[in-house]
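Given next are the chains, with one letter for each unit.
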Amino acid sequence: MLLKTVFVRLLTTAITLFGVAVVVFTLVRVAPGNPISMMLPPGATEEDIAALTALYGFDKSLPHQFMIWIGGVIQGDFGTSITLRQPVDELVLGRLPATLELSLMALLIALALGGLVAVIGARKRSTGTEVGLDLTSGAVLSIPDFLWGLIFVLLFGVLWPVLSISGRVDPRLDIDFTTNFYFFEGLLRGRWDVVSSTFSHMLMPAMSLALPLAAMIAQLLKQNLKEVLNQDYTTLARVRGFSETSVILREALQNAALPTLALVGVQFTFLIGGTVIVERLFAYEGLGNMAIDAVINRDLPLIQGIVLLFAALFTVINLLVDLSYTFLNPRLRNG
Amino acid sequence: MVDATYSPRPMRFKIRNLRLWLPLLWIVTLIIAAVFAPIFAPHDPLAQDLMLERLPPFFIDGSEPGHLLGTDSLGRDVLSRMIYGARIALFVSVIAAFSTGIFGSTLGLIAGYYGGWWDRVISRLVDIWMAFPPVLFAVLLVAVIGTGLTSVIFAIALIDWTRFARVIRAETMVQAQMDYVDSARIGGARRMATLLSEILPNVLPSIIALLALEMGIAVIVEAILSFVNLSISSDDPTWGSMISEGRGAIHFAWWVLLFPLIALFLTVLSFSTLGEGLKKQFDPVLK
């Protein structure tokens, strides 16, 4: 039964990704502005234009172009960027680590902050503290990452300039790493200069992405904690002499966490979607920033590659969340 | 629950009302500012004066009495641009939210009520749409259909319809199981008539609550597109283009960023609080 669930979900994931490929391909082809004429210097001859058009395959019919592109993608060939003149997969995979590090950092902050607020709220339930925390998290939740980013730029860029407001790492640092995971590889190699520089560049964008999710986690986890805290086994723990805080941390938290995690998985994909504008705002050299440049420059192969990568990331995360939830929750295993 | 309805504790009662009245107060202020912009704005929002560039706001030394909130790098009055910006913000939020709501709710009603292939196709489309990063999708769409306010509105509707479709589809499915739907059908009503006159009124509260939320989102999307220079031309007074300019000049004239940011913040918070409040107001379980 579990196997069938996995198979059906894999199949729908594949269909979704194919749909994304069709939509993005159609969109970039109907976009006005000829990318070829933007590449050539003014005064290029008709032959030059025709030759370059043929080189990128733009002279073929749309379905034919689509087949060529999809055929390449399946073999791992995403085409060549028009503006940067490098293979799309190299460019995209070169930027992916920056976006992943940022997203994971944001997720960690959101889990820690949201978890802390939820535990405090559950500990202080039915008091003014809980009402205050509820109101605050409600307000924090409704402000999107873009606005948090701007607020942080003003606070820590101007009012109290302790953090860098643009870039990913201090450009003066000499980084000869094997991967582009500057933060993680820096940790492993013990290059603390790189670690602290990436961290201070990452903190503000990560906080901007994390705050709405933290507020959501705080609300939901507190709700679940309060439900669990009314059940017999927590009463038993109290009778056995555990303090309220240790009842929450030792007994209630693990049971309240499961339904929260299911939501966090889906929200994590929204968080990754948010990196596009937040990276732009902080001039952080990740995928999203590259994507906006690609759209402005009409770099069709690059746009297609980045959108497809994001879509793959989203659907795979959703798939993993669904499967792990099915796996962790015995009641759903036959569903 | 029943007790709370009849004798609400005074504290809760107040907070609940403030949650509706404070957002409404801000939105009404915006509407008045937008409608009477030529009266309230002390200057022409487009008038440049290079002699008066980057004047600070009134509470900082070196300000000019005529420019309460200072001027930007081209000497344009920040307050006047914000007041005119309210026009564009409100226009986009209302038109975009209604277009999105009508489009998405229609698809949600059809998928939820007719089921079968309708539901399969629409749900698959929702899945595909949700696999796009929304900001990138918006940037791409506006690049395809051209910049300008109409494109921004069109892009919002074309991207965010899934928010309505998902919620309304689920609610329609619940309503379609109810006895009153069966009795309408037995009474001889046709399917389309049942959908419009029986089910639609029952999902309308959710649509209205979502509309309020969507208005807040639309203002943000316009600001984001202005920020990447894809909304209307950067001369026009939108909060987004002011923010974009302020981000660039942050070390010389931070007030160009601060004041439109406050306006945007309050507007988004108001619409979303209003949406949440309406949802609770309509929902008998949460009430």
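Residues numbered from 1 in each chain as written. Chains lettered and ligands numbered in written order. Predicted model: local features only at pLDDT ≥ 70, side-chain atom pairs only at ≥ 80, totals over all residues. Heavy atoms only, no water.

### Topic: the overall build of chain A
What counts, and what does not: Numbered from the N terminus, helices here are DSSP runs of H or I no shorter than four residues, and strands are runs of E no shorter than two. Each residue is placed in one exposure class: buried if its accessible area under a 1.4 Å probe, protein chains only, is under 20% of its type's maximum, exposed if it is over 50%, and partly exposed if it falls in between. Contacts: residue pairs with any heavy atoms within 4.5 Å of one another. Computed with the Shrake-Rupley method and a 1.4 Å probe, the accessible areas treat only the protein chains shown as cover for residues. The charge count treats Lys and Arg as positive and Asp and Glu as negative. His and the chain ends do not count. A charged residue contributes its charge at one atom only: NZ of Lys, CZ of Arg, CG of Asp or CD of Glu.
Counting secondary structure elements, chain A contains 13 helices and 0 strands. Reading chain A from its N terminus to its C terminus gives the helix and strand order α-α-α-α-α-α-α-α-α-α-α-α-α. Overall size of chain A, expressed as C-alpha extent along the three principal axes, is 85 × 55 × 40 Å. The buried share of chain A, reckoned over its 335 residues, is 47%. By sequence separation, contacts in chain A at least 24 residues apart represent 73% of the contacts at least 6 residues apart. Surface summary for chain A: the accessible area is close to 16,100 Å², and the carbon and sulfur share equals 65%. Of note, chain A has its 22 positive side-chain charges centred 12 Å away from the centre of its 25 negative side-chain charges.

### Focus: the environment of I120(A)
Take I120(A): it is sitting in helix α5 (residues 88-123). Under the relative-accessibility criterion, I120(A) is labelled partly exposed at 36%.

### Brief notes about a nonpolar patch on the surface
All names here are of chain B. Inclusion rule: Here the term patch refers to residues with relative accessible area over 30% and no salt bridge, with like charges joined within 9 Å and nonpolar side chains (Val, Leu, Ile, Met, Phe, Trp, Tyr) within 5 Å. For this document, the term salt bridge refers to a Lys or Arg side-chain nitrogen within 4 Å of an Asp or Glu carboxyl oxygen.
A cluster of nonpolar side chains, V28, I31, I32, V35, F36, I39 and F40, forms an exposed patch at the surface whose accessible area comes to about 640 Å². At the level of elements, α2 (10-35) and α3 (37-40) are the ones that each hand at least two residues to the nonpolar patch. Top element by residues in the nonpolar patch is α2. It accounts for 4 residues. Counting through the fold element by element, I31 comes out in helix α2. The exposure class of I31 is partly exposed, given its relative accessible area of 40%.

### Focus: unusual backbone geometry
The phi angle of most residues is negative, glycine excepted, and most peptide bonds adopt the trans form. All names here are of chain A. Despite not being glycine, R85 shows a phi value in the positive range, around 55°. With respect to the helices and strands, R85 occurs in the loop between α4 (62-74) and α5. R85 gets classed as exposed once you look at its relative accessible area, which sits at 54%. Look at R298: it is not a glycine, yet its phi comes out positive at around 55°. Relative to the elements of secondary structure, R298 occurs in the loop between α12 (287-296) and α13 (300-328). Overall, R298 belongs to the buried group, its relative accessible area being 17%.

### A short note on the packing of helix α5 (residues 116-130) of chain B against helix α7 (residues 149-176) of chain B
Residue and element names in this part refer to chain B. What counts, and what does not: Each axis is a line fitted through C-alpha atoms, taken for helices only over the stretch in contact, and angles between the N-to-C directions span 0 to 180 degrees. By the definition adopted for this analysis, an angle is roughly parallel if under 35 degrees, roughly antiparallel if over 145, roughly perpendicular if from 65 to 115, and oblique otherwise. Left-handed is the label given to a crossing in which the near helix is rotated counterclockwise from the far helix by less than a right angle, and right-handed is the label when the rotation is clockwise. For this classification, Asp, Glu, Lys and Arg are treated as charged, while Ala, Val, Leu, Ile, Met, Phe, Trp, Tyr, Cys and Pro are nonpolar and the rest, including Gly, are polar.
Packing of α5 against α7 leaves a shortest axis separation of 10 Å and a crossing angle of 135°. Accordingly, the angle class assigned to the pair α5 and α7 is oblique. Read as a crossing pair, α5 and α7 show a hand that is left-handed. Contacts from D119, S123, L125, V126, W129 and M130 of α5 reach α7 at L158, I159, W161, T162, A165, R166, R169 and M173. Partitioned by chemical class, the residues of the contact of α5 with α7 number 9 nonpolar, 2 polar and 3 charged.

### Points about the packing of helix α7 (residues 145-159) of chain A against helix α11 (residues 244-281) of chain A
Geometrically, a packed helix pair is captured by the angle between its two axes and the distance between the axes. Residues and elements named next belong to chain A. Packing of α7 against α11 brings their axes to within 9 Å, and their N-to-C directions diverge by 20°. Our classification of the angle between α7 and α11 gives roughly parallel. In this structure, α7 crosses over α11, and the sense of that crossing is right-handed. Facing α7, whose interface residues are D145, F146, G149 and L150, α11 presents G274, I277, V278 and L281. When the residues that make up the contact of α7 with α11 are grouped by side-chain class, the tally is 5 nonpolar, 2 polar and 1 charged.

### Quick notes on the interface of chain A and chain B
Just so we agree on the cut-off: Buried area is calculated as the accessible area (1.4 Å probe) missing from two parts once they are joined, with the contributions of both summed. N or O atoms within 3.5 Å of each other form a polar contact, as long as, within protein, one can give a hydrogen and the other can take it, and as long as residues adjacent in sequence are counted only when both atoms are side-chain atoms.
Across the contact, 47 residues belong to chain A and 37 residues belong to chain B. Counting each side, the surface lost to burial between chain A and chain B is near 3,600 Å², with a carbon and sulfur contribution of 86%. Its largest share of buried area at the contact with chain B, chain A owes to L27(A), F146(A) and L154(A), together 15% of the area lost on that side. Here chain A is connected to chain B by 3 residue pairs in polar contact (both at pLDDT 80 or more). Counting residues per element, the ones that place at least two in the side of chain A that touches chain B are α1 (2-30), α6 (128-142), α7, α11, α12 and α13 of chain A. With 10 residues, the top contributor of residues to the side of chain A that touches chain B is α1(A).

### With respect to the side chain of E185(A)
Residues and elements named next belong to chain A. Inspection of the secondary structure assignment puts E185 in helix α8 (residues 182-189). Residue E185 is classed as buried on the basis of its relative accessible area, which comes to 8%. Non-local contacts of E185, meaning those with residues more than four positions away in its chain, are made with F177, T178 and T179.

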